[in-house]
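One letter stands for each residue in the lines below.
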Amino acid sequence: MSKLSLTCSLLLLQSALMVPTATAKWFMNQDLFTVAHQKLLEGKTNESFGSMVQAWQQSPSAEQQNNLNELLQLAITEDCGHSLDRTALPSWLTSVVIQREMVQNQNQILPRLAINGTAERRITEIKFIHWPDQVILSATPKLNNGGYFSLETRRLEKASSEGLYQLVINGDGDVSFKTWVLLTRPQSKQRIGWIDSRSWRIERNGLPDRACPSPVLSMNVYDLEDTSWTPLWTENVDGKLPTTLPKLDLPDGRYWLSVGVIESRWQGEIGILDIQSITRPVDHSGL
């Protein structure tokens, strides 16, 4: 179902809700998909989200999955996902971000997924499971100063698909945070691609979602010999995204250049980033 057709069906449903007898007839045999539509129209976005979670748990058909994906995308346009989930982070867990990335490296595209954030306790384990039992991540994250933690899988067989996931974060003192996460369908086409070592193209991705922040272009230059992959230079730009690399003051040498378009939204208090990146080696004359 296209977004236009889904929107039209929701408008028809909204008209029916204005007439009590029509409402009774429409919702006589309710299922989770109908309830999710109804709650979204009534402005009960978090209840709609709950019905979507339950619907995904019932092994929906391909058509139902398309419907749920479109409904989630429509719900996000309300306030970029802040109202989707009222589950609050515990006091010991101050921020969580789920980062889904597609990295184009030469002639291949490498899916990645990362979970990072900040906590007031040491994080001992993070699990991210595609419902019902496909483990995407399960390990102890890297810990840095300031309570920052990060865990990443660099090589997935395919991009993390749309659907239902379970996030579990365990910390010192036997504390645990568990919640459901709904991801939208990843973009099927790479929006960003190289023109040469100093420039790239960025294709428009339809109409922007005014409820969400503008996409951000992240540019990073790394030393090829530094296995820690700490950027020598980095810059993030929003608004009008540049398509050329500025002149950089770096010593002679060979570097690794990464350029990515970052789109952000939320699921309640959890940040969700979708990133498309391109990378390539460049020498000092290219910078």
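Residue indices follow the written sequence of each chain, beginning from 1 at its first position. The predicted nature of this model means local features are confined to residues of pLDDT at least 70 and side-chain atom pairs, given and counted, to a pLDDT of 80 or more, with totals for whole chains, interfaces and linings taken over all residues. Hydrogens and waters are ignored; side-chain quantities use all the structure's heavy atoms.

To define axes, lines are fitted to C-alpha atoms, for helices over the stretch in contact only, and angles between the resulting N-to-C directions are given on a 0 to 180 degree scale. Here a helix means four or more residues in a row that DSSP labels H or I, a strand means two or more in a row labelled E, and each is numbered from the N terminus. Contact geometry for helix H3 (residues 32-41) and helix H5 (residues 62-76): axes closest at 11 Å, N-to-C directions at 15°. Viewed along their axes, H3 and H5 adopt a mutual orientation that is roughly parallel. At the point where H3 passes H5, the crossing takes the left-handed sense. Where H3 approaches H5, its residues Phe33, Ala36, His37 and Leu40 are matched on the opposing element by Gln64, Asn67, Leu68, Leu71, Leu74 and Ala75. Considering only residue class, the contact of H3 with H5 consists of seven nonpolar, three polar and no charged. Any angle from 65 to 115 degrees is called roughly perpendicular, while one under 35 is roughly parallel, one over 145 is roughly antiparallel, and all others are oblique. Two helices that cross are described as forming a left-handed crossing if the nearer one is turned anticlockwise from the farther one by less than a right angle, and a right-handed crossing if clockwise. The contact criterion used is simple: two residues touch if any of their non-hydrogen atoms lie within 4.5 Å. Residue polarity follows a fixed list, in which Ala, Val, Leu, Ile, Met, Phe, Trp, Tyr, Cys and Pro are nonpolar, Asp, Glu, Lys and Arg are charged, and the others, Gly among them, are polar.

What follows covers the environment of Ser214. Along the polypeptide, Ser214 turns up in the loop between strand E10 (199-202) and strand E11 (216-223). Three labels apply to residues, based on accessible area from a 1.4 Å probe with only protein chains included: buried if under 20% of the type maximum, exposed if over 50%, partly exposed otherwise in between. A relative accessible area of 42% places Ser214 in the partly exposed class.

Side chains that are nonpolar tend, in soluble globular proteins, to be buried together. Grouped together as the largest cluster of nonpolar side chains are 25 residues, with contacts concentrated most on Leu93, Ile115, Phe128 and Leu167. Of all the secondary-structure elements, those providing two or more residues to this core are strand E1 (93-105), strand E2 (108-119), strand E3 (123-130), strand E4 (134-139), strand E6 (148-153), strand E7 (163-171), strand E8 (175-183) and strand E14 (270-283). If one sorts the elements of this core by residue count, E8 sits on top with four residues. Among the buried residues, those of types Ala, Val, Leu, Ile, Met, Phe, Trp, Tyr and Cys that are joined through side-chain atoms within 4.5 Å form a nonpolar core. Listed in part, the 20 residues of the second largest apolar core include Val53, Trp56, Leu72 and Cys80.

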